[in-house]
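Fold and geometry: a report
Given next are the chains, with one letter for each unit.
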Amino acid sequence: MEPLVLFLLSGFVSMSAALSAGAINKLPDEQKPPFALQRSGQLWVVMIGNFAALTLLGAMAYGFRLLDWWIPLLCIFLTFPVAHLVLLQPLLGHVRTLFVMAPLVLASIAALYTYW
């Protein structure tokens, strides 16, 4: 697999899942989805967010190792957050984005492990 494609896909899904988990945690209790009001639901949101953040660190290490230094740096601060805020958040919302991206984060972990 092409290193740039693997980096972009794994980094984007990881950043998106982490941002969605953080946004769900910051919502007031009146606006949180019903599952996030329970203790086990909050735990799952935090676990998915932390797992996605660790995967993002792995994707960044992969990108810095195999790509020019400016590509991962630009993506972490500009491309990934803007794409999440402009495309996914308005289209799906935080909850759907989290649950769509969570399995993709697991797939990107496997892909990073396989192709590294």
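Placed above this text is the structure.
So, here's what we can say about the structure. (Residues numbered from 1 in each chain as written. Predicted model: local features only at pLDDT ≥ 70, side-chain atom pairs only at ≥ 80, totals over all residues. Heavy atoms only, no water.)

Describing the overall build of the protein chain
Note the threshold: For helices the rule is a DSSP run of H or I covering at least 4 residues; for strands it is a run of E covering at least 2, with both sets numbered from the N terminus onward. For this analysis, residues touch if any pair of their heavy atoms sits within 4.5 Å. His is not counted here, nor are the chain ends, while Lys and Arg score as positive and Asp and Glu score as negative. Where a charge lies is defined by one atom per residue type: Lys uses NZ, Arg uses CZ, Asp uses CG and Glu uses CD.
Of regular secondary structure, the protein chain possesses four helices and zero strands. Structurally, the protein chain occupies a C-alpha span of about 45 × 25 × 20 Å along its principal axes. Counted over contacts in the protein chain with a minimum sequence separation of 6, partners at least 24 positions apart contribute 79%. For the protein chain, the distance from the average site of its 5 positive side-chain charges to the average site of its 4 negative ones is 8 Å.

Considering helix α4 (residues 70–115)
Here is the rule we go by: Here the expected span of a helix is defined as 1.5 Å times the quantity of residues minus one. The angle between axes fitted to the seven residues ending at a residue and the seven residues starting there is what we call the bend at that residue.
A rise of 1.5 Å per residue sets the reference length of α4, with its 46 residues, at 68 Å; its end C-alpha atoms lie only 21 Å apart and thus fall more than 12% short of the reference. Its axis deflected by about 105° at G93, α4 carries its strongest bend there.

What about the packing of aromatic side chains?
Cut-off, in case you're wondering: We call Phe, Tyr and Trp rings a pair once their centres come within 6.5 Å, taking the six-membered ring for Trp, and we label the pair stacked below 30 degrees between planes, edge-to-face above 60, and tilted otherwise. Type-normalised accessible area, obtained with a 1.4 Å probe on protein chains alone, sets the label of each residue: buried when under 20%, exposed when over 50%, and partly exposed for intermediate values.
Under the definition given, this model contains three aromatic pairs. A ring pair is formed by F7 and F80, whose centres lie 5.7 Å apart and whose planes are at 45°; its orientation type is tilted. In this pair, F7 is assigned in helix α1 (residues 3–26) and F80 in helix α4, connecting sequence segments 73 residues apart. F7 gets classed as buried once you look at its relative accessible area, which sits at 0%.

Focus: the nonpolar core
Just so we agree on the cut-off: The term nonpolar core refers to a set of buried residues drawn from Ala, Val, Leu, Ile, Met, Phe, Trp, Tyr and Cys, joined through side-chain atoms within 4.5 Å.
Core analysis: the biggest nonpolar cluster contains 14 residues, and F7, L56 and F80 have the highest contact counts within it. Elements with a contribution of two residues or more to this core: α1, α3 (39–66) and α4. At six residues, α4 tops the list of elements feeding residues into this core. The contacts of L56, once residues within four sequence positions are left out, are G11, S14, M15, I76 and F80. Residues A21, I24, I48 and L88 belong to the second largest nonpolar core, which totals 13 residues.

Some thoughts on the packing of α3 against α4
Stated formally: Angular values range over 0 to 180 degrees, each being the angle between N-to-C directions of two axes fitted as lines to C-alpha atoms, with helices fitted over their stretch in contact. Our angle categories are set so that under 35 degrees counts as roughly parallel, over 145 as roughly antiparallel, 65 to 115 as roughly perpendicular, and the remainder as oblique. Three residue categories are used. Nonpolar comprises Ala, Val, Leu, Ile, Met, Phe, Trp, Tyr, Cys and Pro, charged comprises Asp, Glu, Lys and Arg, and polar comprises the others, including Gly.
Across the interface, α3 lies against α4 with an axial gap of 8 Å and an inter-helix angle of 70°. With respect to their mutual orientation, α3 and α4 come out roughly perpendicular. Judged by residue contacts, V45, I48, F51, A52, T55, L56, G58, A59, M60, Y62, G63 and F64 of α3 engage P72, L73, I76, F80, L98, A102, V105, L106, S108, I109, L112 and Y115 from α4. Per-class residue counts for the contact of α3 with α4 are 20 nonpolar, four polar and no charged.

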